[in-house]
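Commentary on secondary and tertiary structure
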Amino acid sequence: MSGGQRRSVVLGTGSELPSKIITNHDLEKMVETSDEWITVRTGIKERRILEEGKGNADMAFHAATRALDDANLDATDLDAIIMGTVTADYPFPSSACVLEDMLGARGVFSFDVGAACSGFLNALSVADSFIRLGKIRNALVVGSDALSRLLNWQDRTTCILFGDGAGAVVLGASENGNGILSTKLRTDGSYAKTLYVPAGGSVKPANRKTVERNEHTITMNGKEVFKIAVRSMEDISREALEEAGVSIDEVSLVIPHQANRRIIVALAERLGISMDKVMVNLDKYGNTSAASIPVALDEAKRQGRIQKGNVVLLNAFGAGFAWGAAVIKF
Ligand code: UT7
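Criteria and cut-off values
Residues numbered from 1 in each chain as written. Predicted model: local features only at pLDDT ≥ 70, side-chain atom pairs only at ≥ 80, totals over all residues. Heavy atoms only, no water. Domains from an automatic or database assignment. Contact = heavy atoms within 4.5 Å. Buried area = accessible area lost by both parts, 1.4 Å probe. Salt bridge = Lys/Arg side-chain N within 4 Å of Asp/Glu carboxyl O. Nonpolar A, V, L, I, M, F, W, Y, C, P; charged D, E, K, R; others polar. Pairing = 2+ DSSP bridges. Helix = DSSP H or I, 4+ residues; strand = E, 2+ residues; numbered from the N terminus. Axes fitted to C-alpha atoms, helices over the stretch in contact; angles between N-to-C directions. Parallel < 35°, antiparallel > 145°, perpendicular 65-115°, else oblique. Left-handed = near helix turned anticlockwise from the far one by under 90°. Near = heavy atom within 4 Å. Polar contact = N/O pair within 3.5 Å; in protein donor to acceptor, adjacent residues only side chain to side chain. Areas by Shrake-Rupley, 256 points an atom, 1.4 Å probe, with all protein chains shown as cover.

A word on the domain arrangement of the protein
- We note that the domain assignment places domain 1 (7–176) and domain 2 (181–329) within the protein.
- Centre-to-centre separation of domain 1 and domain 2, based on C-alpha positions: 14 Å.
- With 50 residues of domain 1 in contact, the opposing surface of domain 2 contributes 43 residues.
- At the boundary of domain 1 with domain 2, total buried surface from both sides reaches about 3500 Å², with 62% on carbon and sulfur atoms.
- Contact with domain 2 buries surface across domain 1, with Cys 117, Leu 121 and Leu 150 losing the most and accounting together for 18% of the total.
- The tally of links from domain 1 across to domain 2 stands at 1 salt bridge.
- Between Lys 301 and Asp 70 there is a salt bridge, with its nearest N and O atoms 2.5 Å apart.
- Grouping the amino acids of the side of domain 1 that touches domain 2 by side-chain chemistry returns 19 nonpolar, 20 polar and 11 charged.

Here is the structure:
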């Protein structure tokens, strides 16, 4: 953790949540469920839904603008825009390119990273590598998803879990000893169909039949995801901490992917960290996929829960399966 080495520091953060709210009580009118079941099993009370006619980059634009303001930089200062998302505005081009134009960034390279709920950590890790290699100086890293667009609102096992949102982080190069100390990423593709969208890709392009059968919506074995998520996030968090050279006692805040409060509590127990050092905001937003970590990070910063010198542990798990962790010194 000594100075001198080129690292990526967090210069600014920002987030955007759509204004439309769907509460558990609203869902009670749509499917056979209850506020009590959803609260006890997940911790979620409400989620945000992107307004019709808007796309992923519209949310990302507001989050990115706030992150740039916070960093005191202009879009023209950026060298790269990397966005974690699985709900791009169009099949192609990437949402990062759509966002680049909205922001008025010029002379950059922009692309999306598809790693579902781990998308932000994957994007962060890629941007961090470019910065440490000296190829770029400033990067905008975004996690933005509108999973409401992939939900079957008649399927109570999935529609209660997810929401829309965007979070962004501006990274810059520094040699002051702070910044991203480590990132760790992992996948196991043998679980691809445990959490996926069967149609709408090249195997089964969307047609009338796939739409009638709701095959373009999320299909999940929740129990399987739950079981593997806790163990995987614990293991990869320990690996990231070891590489960073910090112990769990030196971590002032854990910002986990916001999927299920029970997953987060089990993870905190296994890591041996008390829940008052764990950021939880899924009660308000549900699982926002790639957005959940940068949204929670931005909220934690604005609440004064992250101070200069603090060490923060991020970790995520999701479809792929893809999971990861990062350790950042602020
Ligand atoms: O980023 C990764 C994304 N995915 C996840 O994080 C998912 C991880 N998994 C989970 O969060 C949990 O497995 C769920 C919240 C999805 C489900 O909780 P669970 O404790 O694993 O419940 P279950 O699937 O075992 O279902 C228990 C019962 C079932 O009824 P029976 O078979 O016991 O009669 C379900 O049919 O609850 C029923 N059920 C519901 N009841 C009311 C399932 N969904 C609902 C619902 N409302 N929304």
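A closer look at the sheet that holds strand β11 (residues 251–256)
- Taken together, 4 strands build an open sheet; the order of strands is β8-β13-β12-β11 and the sheet is mixed. A single partner strand is all that each edge strand has here, and the edge strands are β8 (179–187) and β11. Strand after strand, the sheet turns through a mean of 10° between neighbouring axes, direction not considered.
- Across the sheet, helix α7 (residues 222–244) touches β8, β11, β12 (311–318) and β13 (322–329), and the angle it forms with β8 is around 145°.

Examining the packing of α7 against helix α8 (residues 261–271)
- Contact geometry for α7 and α8: axes closest at 9 Å, N-to-C directions at 40°. Accordingly, the angle class assigned to the pair α7 and α8 is oblique. As for the relative orientation of α7 and α8, their crossing is right-handed in sense. Together, Phe 226, Ala 229, Val 230, Arg 231, Met 233, Glu 234, Ser 237 and Arg 238 of α7 and Arg 262, Ile 263, Ala 266, Leu 267, Arg 270 and Leu 271 of α8 make up the contact between the two elements.

A look at the sheet that holds strand β7 (residues 164–174)
- The strand order β1-β7-β6-β4-β5 describes an open sheet built from 5 strands, whose pairing is mixed. Looking along the sheet, the strands with just one partner apiece sit at the ends: β1 (7–16) and β5 (109–113). If you compare each strand with its neighbour and ignore which way they point, the axes differ by 20° on average.
- For strand β4 (residues 80–84) and strand β6 (residues 138–146), the ladder comprises 5 bridges, and the chain directions are parallel.

Topic: the site of the ligand
- The local shell around the ligand holds 21 residues, among which Thr 33, Arg 41, Arg 156, Lys 223 and Asn 260 are the closest.
- Separating an oxygen atom of the ligand from a side-chain N or O atom of Asn 260 is a distance of 2.7 Å.
- Protein contacts shield 74% of the accessible area of the ligand, which totals 940 Å² for the unbound molecule.
- Sort the elements by how many residues they give to the shell around the ligand and α7 lands first, with 4 residues.
- Broken down by class, the residue content of the shell around the ligand amounts to 10 nonpolar, 6 polar and 5 charged.

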